[in-house]
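Architecture and fold: a report
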Amino acid sequence: MSLFRDDGIVLRTQKLGEADRIITLLTRGHGRVRAVARGVRRTKSKFGARLEPFSHVDVQFFARGSELVGRGLPLCTQSETIAPYGGGIVADYGRYTAGTAMLETAERFTDHEGEPAVQQYLLLVGALRTLARGEHAPHLVLDAFLLRSLAVNGYAPSFGDCAKCGMPGPNRFFSVASGGSVCVDCRVPGSVVPSPQTLVLLGALLTGDWETADACEARYVREGSGLVSAYLHWHLERGLRSLRYVEKS
């Protein structure tokens, strides 16, 4: 039997028996981890309140063998709150739906339990912090998170140079299957022609240029969100259930 300690974000919870829960976390050192938390559904349990979705926690695990992820689920025996992001998220519908889509995205991009995904973890922590503080519109924070998640997992889209031949941008066409912006010679069936301002917005979200992103008109934000959603679905091979509930400006 071994003890492990890590910090992580609670992605979701599932009921187990009469008083327990299975907690799914994205941790700094062990990637995605599922663990059993005993007695957390009892009304007097202070432990359970710390293990709700969006919570950033320091967690202690008790596992069989020398590995945290192995035979059977480890036990979550202790947790301390690092940052209760849920308090600033769940009270606002726009933030809540955007945050839920972030949690689902993080889980989908970390499909192998116990495999470290530090960049994805840091992206999620930063995005939830920004969302909880209300620093930018929730749908912009979400689109920035989705684009950067795609990038750290090897699917960075191009919004300037041609994704196929490298021709310097701006380029007029956009192809999800080709990896983003494409020139007239590389365009394929199904390519779309987004507004130049939309591509500027998406490039700003990918690089963290919030001054440009915050000043963008709503019509370009909506068009950009559609492109991000289509690009994400292409690479995940199936859609995110939570995206349908996200408010757009």
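Read on for an overview of the structure. Because the structure is a prediction, the values reported are computed rather than measured.

Conventions adopted
- Residues numbered from 1 in each chain as written.
- Predicted model: local features only at pLDDT ≥ 70, side-chain atom pairs only at ≥ 80, totals over all residues.
- Heavy atoms only, no water.
- Helix = DSSP H or I, 4+ residues; strand = E, 2+ residues; numbered from the N terminus.
- Rg over C-alpha atoms; globule rule 2.2 N^0.38 Å.
- Contact = heavy atoms within 4.5 Å.
- Areas by Shrake-Rupley, 256 points an atom, 1.4 Å probe, with all protein chains shown as cover.
- Lys, Arg positive; Asp, Glu negative; His and termini not counted.
- Charge placed at Lys NZ, Arg CZ, Asp CG, Glu CD.
- Phe/Tyr/Trp six-rings, centres within 6.5 Å; stacked < 30°, edge-to-face > 60°.
- Buried < 20%, exposed > 50% of the residue type's maximum accessible area, 1.4 Å probe, protein only.
- Polar contact = N/O pair within 3.5 Å; in protein donor to acceptor, adjacent residues only side chain to side chain.
- Patch = residues over 30% accessible without salt bridge, like charges linked within 9 Å, V, L, I, M, F, W, Y side chains within 5 Å.
- Salt bridge = Lys/Arg side-chain N within 4 Å of Asp/Glu carboxyl O.
- Core = buried A, V, L, I, M, F, W, Y, C linked by side-chain atoms within 4.5 Å.
- Expected span 1.5 Å × (residues − 1).
- 1 Å grid on protein atoms, 1.4 Å probe; cavity = no way out; pocket = protein on both sides within 12 Å on 5 of 7 lines; lining within 4 Å.
- Points joined across faces, edges and corners; volume = space filled by probe spheres on them.

Below, the discussion takes up the overall build of the protein chain. Within the protein chain, the secondary structure is distributed over eight helices and seven strands. Computed over C-alpha atoms, the radius of gyration of the protein chain comes to 20 Å, within 12% of the 18 Å expected from 2.2 N^0.38 for 249 residues, which places it in the range of a compact globule. For the protein chain, the C-alpha atoms occupy an extent of roughly 60 × 35 × 25 Å along the three principal directions. Within the protein chain, contacts between residues separated by at least 24 positions form 60% of all contacts whose residues are at least 6 apart in sequence. Taken as a whole, the protein chain presents about 12,200 Å² of accessible surface, with 49% of it coming from carbon and sulfur. With 29 positive and 25 negative side-chain charges, the protein chain shows a separation of 7 Å between the mean positions of the two kinds.

On to the packing of aromatic side chains. Scanning the model with the defined rule gives two aromatic pairs in all. Residues Phe54 and Tyr96 carry aromatic rings whose centres are separated by 6.0 Å and whose planes lie at 70 degrees to one another, so their mutual orientation is edge-to-face. Pair noted here: Phe54 is in the loop between helix H1 (46-49) and strand S4 (55-63) and Tyr96 is in helix H3 (residues 93-108), with a separation of 42 residues, a long-range link. Tyr96 sits in the partly exposed class, given a relative accessible area of 38%. Taking 6.1 Å as the distance between ring centres and 10 degrees as the angle between the ring planes, the aromatic pair formed by Phe159 and Phe174 counts as stacked. In this pair, Phe159 is assigned in the loop between helix H5 (138-152) and strand S6 (173-175) and Phe174 in strand S6, connecting sequence segments 15 residues apart.

Attention now goes to the side chain of Asp7. The residue Asp7 is located in strand S1 (residues 2-16) in this model. Given the relative accessible area of 18%, Asp7 is considered buried. Polar contacts involving the side chain of Asp7 include one to the side chain of Tyr121, which spans 2.2 Å.

A cluster of nonpolar side chains, Met1, Leu3 and Phe62, forms an exposed patch at the surface whose accessible area comes to about 330 Å². Within the fold, Leu3 resides in strand S1. For Leu3, a relative accessible area of 57% translates into the label exposed.

With that settled, consider the nonpolar core. The biggest cluster of nonpolar side chains holds 49 residues, and the ones touching the most others in it are Ile9, Met102, Leu124, Leu128 and Leu205. The contact partners of Leu124, leaving out residues within four places of it in the chain, are Ile9, Leu11, Leu26, Met102, Leu103, Ala106 and Phe145.

Between its first and last C-alpha, H5 extends 21 Å over 15 residues, near the 21 Å set by a 1.5 Å rise per residue. Residues His139, Leu140, Val141, Leu142, Asp143, Ala144, Phe145, Leu146, Leu147, Ser149 and Leu150 constitute the buried set of H5. Tucked into the core, H5 has its buried residues touching H3, helix H4 (118-133), helix H6 (196-207), helix H7 (210-214) and helix H8 (218-236). Two residues or fewer past H5, Gly154 is found with a positive phi of approximately 90 degrees.

Now for the pattern of salt bridges. For the coordinates displayed, the defined rule picks out nine salt bridges. Between Glu113 and Arg34 there is a salt bridge whose closest N-O contact spans 2.8 Å. Within this pair, whereas Glu113 is found in the loop between H3 and H4, its partner Arg34 is found in strand S3 (residues 31-37), the two being separated by 79 residues in sequence. Here Arg34 falls in the partly exposed class, since its relative accessible area comes to 27%. Between Glu217 and Arg219 there is a salt bridge; the shortest N-O distance is 3.0 Å. Residue Glu217 is classed as partly exposed on the basis of its relative accessible area of 43%. The partly exposed category is assigned to Arg219, whose relative accessible area is 48%.

Approximately 770 Å³ is the volume attributed to the largest pocket. Lining the largest pocket are 30 residues, with Leu103, Glu104, Glu107, Arg108 and Phe109 sitting closest to its centre. Elements supplying a minimum of two residues to the lining of the largest pocket: S1, H3, H4 and H8. Broken down by element, the lining of the largest pocket gets its largest block of residues, six residues, from H3. Looking at the second largest pocket, its volume works out to about 200 Å³. Along the walls of the second largest pocket sit 15 residues, with Phe62, Arg64, Leu73, Pro74 and Leu75 positioned nearest its centre.

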